[in-house]
Amino acid sequence: MARVRRPVRRPKAALLRGACARGWRGPAAYPLDWTVLDDQKPLHEADVDLTGPIADYGAHLTVVRDAAVPLPEPLIALLTDLKESLATTAVKDPLVALKALADLRYLIAGVGATAALAVQVGRIPMETVATALGTSEAAARRYVNGYRHT
């Protein structure tokens, strides 16, 4: 006797939530009504109202940004000018841009090692580092350790 194979159905999400890579999940759940959605399309192609989860995520990002260490205005201006200068140079003279980036990598590695050592010597808790960088503790640990081992 031949077995009848039923088509495999993808599981259907019952609700949506805002979320981020750090593990945050939005407080509100937004139900999905599959009676009006096309279950033959992937959810990202369906006509789903994402304003709620996106607004929750935006609010979360504001909290993260507000808790992060603010950069001093002169440093922001310097970084902005550097980015613009490198972008222009990359188009006009890509070899000069690549040389500048190689030098910048060397500079970053040295300063990063100094900052990572200061975090270790100062016994700054990784939770504090993560909050200051606006990331998870695991990501902050990888970031700091990456500079310690260069």
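Structure's up top.
Values in this document were obtained by computation on a predicted structure and should not be read as measured data. (Residues numbered from 1 in each chain as written. Predicted model: local features only at pLDDT ≥ 70, side-chain atom pairs only at ≥ 80, totals over all residues. Heavy atoms only, no water.)

S.K.: Hey, could you run me through the overall build of the protein in this one?
M.R.: In terms of helices and strands, the protein carries five helices and two strands. The order of helices and strands in the protein, counted from the N terminus, is β-β-α-α-α-α-α. Compactness check: the protein gives a C-alpha radius of gyration of 23 Å against a globular reference of 15 Å for 150 residues, more than 25% above the reference. Principal-axis analysis of the C-alpha atoms gives the protein an extent of 70 × 45 × 40 Å. (Helix = DSSP H or I, 4+ residues; strand = E, 2+ residues; numbered from the N terminus. Rg over C-alpha atoms; globule rule 2.2 N^0.38 Å.)

S.K.: Explain the side chain of Ser136 here, please?
M.R.: Mapped onto the elements, Ser136 comes out in the loop between helix 4 (126–133) and helix 5 (137–148). Leave out the neighbours within four places in its chain, and Ser136 touches Arg22 and Ala130. (Contact = heavy atoms within 4.5 Å.)

S.K.: Looking at this model, I keep getting lost on the pattern of salt bridges. Mind explaining?
M.R.: Where charged atoms from two side chains of opposite charge come close, those side chains can pair. Under the counting rule described, the total for this entry stands at one salt bridge. In this structure, Lys99 and Asp103 form a salt bridge, with 2.7 Å as the shortest nitrogen-oxygen distance. Highlighted residues: Lys99 and Asp103, both in helix 3 (residues 94–121), separated by four residues, approximately one helical turn. (Salt bridge = Lys/Arg side-chain N within 4 Å of Asp/Glu carboxyl O.)

S.K.: Can you walk me through helix 4 in this structure?
M.R.: Side chains of residues three or four places apart in an α-helix project in the same direction, reflecting 3.6 residues per turn. Buried within helix 4 are the following residues: Met126, Val129 and Ala130. Down the axis of helix 4, the smallest arc covering the buried residues is 100°, so these residues share one side. Structurally, helix 4 contributes buried residues whose contacts are with helix 3 and helix 5. (Buried < 20%, exposed > 50% of the residue type's maximum accessible area, 1.4 Å probe, protein only. Arc of directions from axis to C-beta.)

S.K.: Would you take a moment to explain helix 3 for this structure?
M.R.: With 28 residues, helix 3 should reach 40 Å at 1.5 Å per residue; the first-to-last C-alpha distance of 40 Å fits that figure. Of all the positions in helix 3, only Ala97, Gly112, Ala116 and Val119 are classed as buried. Close packing links the buried residues of helix 3 with helix 2 (73–92), helix 4 and helix 5. Of the residues trailing helix 3, Arg123 is marked for its positive phi of about 50°. (Expected span 1.5 Å × (residues − 1).)

S.K.: Can you walk me through unusual backbone geometry in this structure?
M.R.: Residues other than glycine predominantly adopt negative phi, and peptide bonds predominantly adopt the trans conformation. The backbone of Arg123 sits at a positive phi, close to 50°, despite the residue not being glycine. When you line up the elements, Arg123 lands in the loop between helix 3 and helix 4.

S.K.: Can you walk me through the nonpolar core in this structure?
M.R.: Nonpolar side chains in soluble globular proteins generally cluster together in the buried interior. Formed by Ala116, Val119, Met126, Val129, Ala130, Ala140, Val144 and Tyr147, the largest nonpolar core amounts to eight residues. Contributions of two or more residues to this core are made by helix 3, helix 4 and helix 5. Excluding its chain neighbours within four sequence positions, the residues that come into contact with Ala140 are Met126, Val129, Ala130, Leu133 and Thr135. Grouped together as the second largest cluster of nonpolar side chains are five residues, Leu16, Leu37, Ala46 and Val48 included. (Core = buried A, V, L, I, M, F, W, Y, C linked by side-chain atoms within 4.5 Å.)

S.K.: How should the packing of helix 3 against helix 5 be read in this particular structure?
M.R.: Think of two packed helices as two axes; the pair is described by the angle between the axes and how far apart they sit. The geometry of helix 3 relative to helix 5 is characterised by a closest axis approach of 7 Å and an angle of 115° between their N-to-C directions. For helix 3 against helix 5, the interelement crossing comes out left-handed. For the pair formed by helix 3 and helix 5, the contact residues are Ile108, Ala109, Gly112, Ala113, Ala116 and Gln120 on the first element and Val144, Tyr147 and Arg148 on the second. Its residues assigned to classes, the contact of helix 3 with helix 5 comprises six nonpolar, two polar and one charged. (Axes fitted to C-alpha atoms, helices over the stretch in contact; angles between N-to-C directions. Left-handed = near helix turned anticlockwise from the far one by under 90°. Nonpolar A, V, L, I, M, F, W, Y, C, P; charged D, E, K, R; others polar.)

Read these as spatial facts, not as claims about activity.
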